[in-house]
Amino acid sequence: MPVARRALLGAGLAAVAATATGCARPASTPGGSVRVDPTAGAEPARAAAVTGPAGGPVPPATPPPAPGTVSPAPYAGQVTAILRRYLPATAQTLRHSGFPGAVALVRVDGRTTVHTAVGEALRYGAGPTLLPAGQRVATRPDSIFDLASITKVYTSILLLQQVDRGRVALDAPVASYLPGFTGAGKSGVTVAMLLSHTSGLPVGATVTGLPDNTARWNAVLATPLVSGATPGSTFRYSSVGLMVAGKIVEKVAGQPLDQALRTYLTGPLGLTDTGFRPTTWLSAAARASRLAATDARSSRGLLRGVVHDDVANHLGGIAGHAGIFASAADVATLGQFLLDGGVHRRRRLLATDTARLMVTNANTGKPAVDPERPNRTSAHGLGVVLDQPWFMGRLSGPGTFGHTGFAGPSLLVDPERRLVLALLTNRAHPNWSWADPDPARVAVANALADAL
């Protein structure tokens, strides 16, 4: 049986205390900070109710600003100008090295200081071909983007919430929850290893050529470890690990992952523009005006409102590693929630010690193996990337955390500056191989670092 959450997290925090990077901060709210009882939410029974925050409400120091309120900062124009530099050179330019469109939203101390949209959410048709001007769709501040691997952050939070409820233990073998998680060496893979990318599982899974979704998910669970991998020893970025994490959420919560997302996270956070398979919950008008397109050359034709990741698509568009779509405002709200230590508008949704553990480096001293990003270090919390200058620029530091997505989005949270940056781009539209989103990410981060 899994150990009690209090004992487990106590052991986990003790294990990382010697190498903690200073990420832990008291939970705060716009306009000031408040100290949260460190035992809030520690008892599973107290944490279980979604309608009642563990440990009681946390009153904000000042009322939060109304949704959509922007208090423009002097650097707002600079952020917009930087993003425009990465757009196609002219209206008739086919190729680009950045992205057709982008939305950036910056919050400092809980107040939105930048919310800007540039370029086009839809610029190309299948082929790819350059669409006539009248068929293109301009990017809007409320455009909805494919979050790709930022989905992993949401899945990690959902799993950690189940840890708070006493349904999951981080040090328990994955196979104790999912008997189909079989294969040589996999008995040593723990739940925490899935979130810290130290499981030894590979990046992707083979799910093609199988008769149905049950067979495809069985193949995911049976995915073998990388040859020679020892669970817990090395950072290897793995989408399979988060696919498996999502299945644990489904098993212990008793809900499909998309429903668990609404129940435990997007509902309580008020994220009305976030979810899997957006064509099923957006109106026809919103689908036409707000969805940012991705690939226009795939075997599936133009992708717009359909997950870009092929494995997630084969799994029905709902998976723990990819598939969530959201607006910049909603992504920034998630970042603010993590910056505030698991509290949103006076309500605790993640226990204090769990939130702290999530953004503490779990991989200190471990090597990193990532051929695609040789400059990546192993610094990673339980579901978030830590201290990575390759996309954080000069905002990078021991406590800075976030995540990127292959389709072009990124989330960056800098506790030192009380800053949240949601930068969503459609760099995979129409051809991901044309574009590298990291220079734009770094340029915006550097501008904010200099300004703040």
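Cut-offs used in this document
Residues numbered from 1 in each chain as written. Predicted model: local features only at pLDDT ≥ 70, side-chain atom pairs only at ≥ 80, totals over all residues. Heavy atoms only, no water. Core = buried A, V, L, I, M, F, W, Y, C linked by side-chain atoms within 4.5 Å. Buried < 20%, exposed > 50% of the residue type's maximum accessible area, 1.4 Å probe, protein only. Helix = DSSP H or I, 4+ residues; strand = E, 2+ residues; numbered from the N terminus. Contact = heavy atoms within 4.5 Å. Pairing = 2+ DSSP bridges. Expected span 1.5 Å × (residues − 1). pLDDT = per-residue confidence, 0-100.

**Section: the nonpolar core**
For step 1, the next point in the chain: In this structure, Tyr154, Val174, Tyr177, Val220, Val244, Ile248 and Leu265 are the most contacted members of the largest nonpolar core, which totals 88 residues.
For step 2, the next point in the chain: At nine residues, the largest contribution of residues to this core is made by helix α7 (residues 239-253).
For step 3, the next point in the chain: Setting aside chain neighbours within four positions, we find Leu265 in contact with Tyr154, Ile157, Leu158, Gln161, Ala260, Leu334 and Phe337.
For step 4, the next point in the chain: Tyr75, Tyr86, Ala445 and Ala447 belong to the second largest nonpolar core, which has 31 residues in total.

**Some thoughts on the pairing of strand β15 (residues 410-414)**
Successive side chains on a regular strand alternate, one facing one side of the sheet and the next facing the other.
For step 1, the next point in the chain: Counting buried residues in β15 gives five out of five residues, a clear majority hidden from the surface.
For step 2, the next point in the chain: On β15, burial covers both faces: Ser410, Leu412 and Asp414 on one face and Leu411 and Val413 on the other are all buried.
For step 3, the next point in the chain: Note: strand β14 (residues 401-404) against β15, four bridges, orientation antiparallel. What sits directly across from Gly402, in β15, is Leu412.
For step 4, the next point in the chain: In this antiparallel pair of consecutive strands, β14 and β15, the connection spans five residues, and Gly408 shows a positive phi of 125°.
For step 5, the next point in the chain: Where β15 and strand β16 (residues 419-425) come together, five bridges link them in antiparallel fashion. If you follow Leu412 over to β16, its bridge partner there is Leu421.
For step 6, the next point in the chain: Here β15 folds back onto β16 in antiparallel fashion, the turn holding four residues, of which Arg418 has a positive phi close to 55°.

**As for helix α11 (residues 328-339)**
For step 1, the next point in the chain: Here α11 is twelve residues long and its end C-alpha atoms lie 16 Å apart, about the 16 Å a rise of 1.5 Å per residue gives.
For step 2, the next point in the chain: Of the positions making up α11, those classed as buried are Ala328, Asp330, Val331, Ala332, Thr333, Leu334, Gly335, Gln336, Phe337, Leu338 and Leu339.
For step 3, the next point in the chain: Positioned one or two residues after α11, Gly341 has a phi angle of 70°, which is positive.

**What about the confidence of the model for the protein?**
For step 1, the next point in the chain: Of all residues in the protein, 85% attain a pLDDT of 70 or more, and the chain-wide mean is 88.
For step 2, the next point in the chain: The low-confidence segment residues 1-63, where pLDDT is below 50, has 120 contacts with residues more than four positions distant or belonging to other chains.

**Side note on helix α4 (residues 151-164)**
For step 1, the next point in the chain: Look at α4: 20 Å from first C-alpha to last across 14 residues, which is about the 20 Å you get at 1.5 Å a residue.
For step 2, the next point in the chain: In terms of residue burial, α4 counts as a mostly covered element, since 14 of its 14 residues are buried.
For step 3, the next point in the chain: Of the residues trailing α4, Gly166 is marked for its positive phi of about 80°.

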